[in-house]
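# Coordinate inspection notes
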Amino acid sequence: MTVALRVAPSPTGRLHVGNIRTALINWLYARRHGGTFLLRIDDTDEERSTRAYEEAIKEDLAWLGLDWDRFSRQSDRLARYAEAAQRLTAAGRLYPCYETAEELELKRKTLLARRLPPVYDRAALKLTAEEKRRHEGAGRLPHYRFLLSDRPVEWDDLVRGPVRFEPGHLSDPVLLRADGRPLYMFASVVDDLELGISHVIRGEDHVANTAAQIEILAALGGKPEELAFAHLPLLADASGAGFSKRLGSLSVGDLRASGVEPMALNSLLAKLGTSDAIEPRQALAELVAEFELAHFGRSTPKFDLDELMRLNARLLHAMSFEAVRERLERLGLRGVDRDFWEVVRGNLARLDDAAIWWRVVHGELAPLIEDSGFARQAAALLPPEPWDRATWAAWTEHLKVVTQRSGKALFHPLRLALTARERGPELAGLLPLIGRARALARLNGEAA
RNA sequence: GUCCCCAUCGUCUAGAGGCCCAGGACGGAGCCCUCUCACGGCUCAAACCGGGGUUCGAAUCCCCGUGGGGACGCCA
């Protein structure tokens, strides 16, 4: 069986945490099983979809490193949906309905008030030809519903196990709006069938849709057993609130602005809710090798931004110079080298922070002098260049003997004078980068 | 309201009747390393939602509560 997966965002906003997780997991599954990955833009909702968002989604996926082998856009395939609708009509599975949105809303409210599930009553099925003519004569255009069977729908969900939907709990889904446009429910099935999708991995908010879509698929001549479904539990935010409440507003843009590395996000989202340890991974290939859909549980995991930021820091601490060189240069660190990166990376929470240490090493700063006498002594004992990592130990050993200082009393003033900061990377590494001239001046209390 | 799903350390989870006075990872605490923070090493604290059953024996099976999530659109 050919493995083919897809991610199907609607271009009505930027990708957010939930979207990204779904996209990533589908992508990982495809790559893990040597399958293809399709980016499908679900833009049947004309009012809310824009090309600008479509572009933003492509950029966001590219930023994450999720590439696609195939691309399709639902608005380009309207003829296909119309053709499929004709086949359903011919099979007697598509029927016109004339209720207005308001009338349907009223029906639902009435049912709810009677403690009944708000399922469509199929009143339109009983309409006579005369009644239909009257409706159309009155200017009412029909929308079309798919006639669900009276048999239960079953499938073996890759995450939830055997799932069974009893008839009567589902409304006949509207496939075509009164203006003739297909709805997601329909376009999605036609695409999955015609584009040869083998696995649909999505959030559990789609389980009821799957039941209906399996029937539509079969009515279209597709084989439901050739399409595997997996429904993952939705994410909640750290407080446990449902995903749509707060996480829905956490977009890729926000995350990027917070200094989140794409691989930090990928590392978290690929494992959150699984039994695997969540650890920083430098490359998607590692996540591909580790990916197992069966490791996902059925309960709602919490997405915690603090956890993401910690993972982000850990990822940064292990990043290679090659991986960040260009980005550092773009940050204005001209001529940045491996030594600098390796000395500094362990102290970064986000890549941008490297600029702080770049200034400490190459820029001018006003030193903090606690004891000018001691600082001048230290300056006087500064060894001649060339300097390397051993210089620091040699120098401070010498200072220790001469000044009788040790521990914090010895080191703290040196750190303050040299970097003007309480904390930072090891001075043994930093000192050679700062260089003798600058160190000398700073110890003497001069801005340098 | 109806239906579906879920319920083990703070978090993600292992656990498919005895191997569990419950294991791992992240986080937390302590110690070590150390000029600081981080890294690393070692150690510790930390959980089976409640109540009924079934069973010689239940975290594991059943029922009922409770709590959480989801679905019920001419949105996706």
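Please refer to the structure higher up on the page.
What comes next is a walk through the structure. (Residues numbered from 1 in each chain as written. Chains lettered and ligands numbered in written order. Predicted model: local features only at pLDDT ≥ 70, side-chain atom pairs only at ≥ 80, totals over all residues. Heavy atoms only, no water.)

## Comments concerning the pattern of salt bridges
Under the definition given, this model contains 47 salt bridges. The partner of Asp45 in a salt bridge is Arg48, with the nearest N and O atoms 2.8 Å apart. A residue is classified by how much of its surface remains accessible, and Asp45, at 23% relative accessible area, is partly exposed. A salt bridge links Arg160 to Glu204; the shortest N-O distance between them is 3.1 Å. Of this pair, Arg160 sits in the loop between β6 (153-157) and β7 (161-165) while Glu204 is found in the loop between β9 (199-203) and α7 (207-219), placing the two residues 44 residues apart along the sequence. Through salt bridges with shared partners, one network takes in Arg6, Arg40, Asp42, Arg77, Arg80, Glu83, Arg87, Asp191, Asp192 and Glu194. (Salt bridge = Lys/Arg side-chain N within 4 Å of Asp/Glu carboxyl O. Buried < 20%, exposed > 50% of the residue type's maximum accessible area, 1.4 Å probe, protein only. Helix = DSSP H or I, 4+ residues; strand = E, 2+ residues; numbered from the N terminus.)

## Here we look at the sheet that holds strand β2 (residues 36-41)
Here we have three strands laid out as an open sheet, ordered β1-β2-β3, and parallel in their pairing. What marks the edges here is a single partner per strand, and that holds for β1 (4-7) and β3 (70-73). The sheet shows a mean angle of 25° between the axes of neighbouring strands, direction not considered. Bridge count between β1 and β2: four bridges; the pairing is parallel. When the sheet's bridge partners are listed, Arg6 is paired in β2 with Leu38. (Pairing = 2+ DSSP bridges. Axes fitted to C-alpha atoms, helices over the stretch in contact; angles between N-to-C directions.)

## A short note on the pairing of strand β10 (residues 228-232)
With five of its five residues buried, β10 lies for the most part within the structure. Alternating residues of β10 divide into Ala228, Ala230 and Leu232 and Phe229 and His231, and every residue in both groups is buried. The pairing of β9 with β10 spans five bridges and is parallel. If you follow Ile201 over to β10, its bridge partner there is Ala230. Tracing the backbone out of β9, into α7 and back to the parallel element β10 gives a crossover that is right-handed. (Right-handed = clockwise from strand over helix to strand, strands pointing away.)

## Some remarks on the protein's contact with RNA strand B
Inspection of the region around RNA strand B gives 58 residues, with Arg48, Glu99, Arg177, Asn347 and Leu427 positioned closest. Protein-adjacent atoms of RNA strand B, using a 4 Å cutoff, are sugar or phosphate at a proportion of 71%. A distance of 3.2 Å separates a sugar or linking oxygen of RNA strand B from a polar backbone atom of Gly346. Contact between RNA strand B and Ala428: a base nitrogen at 3.5 Å from a main-chain N or O atom of the residue. Looking at the surface near RNA strand B residue by residue, the classes come out as 19 nonpolar, 19 polar and 20 charged. (Near = heavy atom within 4 Å. Polar contact = N/O pair within 3.5 Å; in protein donor to acceptor, adjacent residues only side chain to side chain. Nonpolar A, V, L, I, M, F, W, Y, C, P; charged D, E, K, R; others polar.)

## Re the pairing of β7
As paired strands, β6 and β7 are joined by five bridges and run antiparallel to one another. Considered in β7, the bridge of Asp157 is made with Gly161. Between β6 and β7, which pair antiparallel and follow one another directly, the connecting turn spans three residues.

## Focus on the packing of helix α17 (residues 391-403) against helix α19 (residues 427-434)
Interhelical geometry of α17 versus α19 gives an angle of 100° and a closest axis separation of 8 Å. Compared by their axis directions, α17 and α19 come out roughly perpendicular. Here Thr391, Trp392 and Trp395 of α17 lie close against α19, whose contacting residues are Leu427, Ala428 and Leu431. (Parallel < 35°, antiparallel > 145°, perpendicular 65-115°, else oblique. Contact = heavy atoms within 4.5 Å.)

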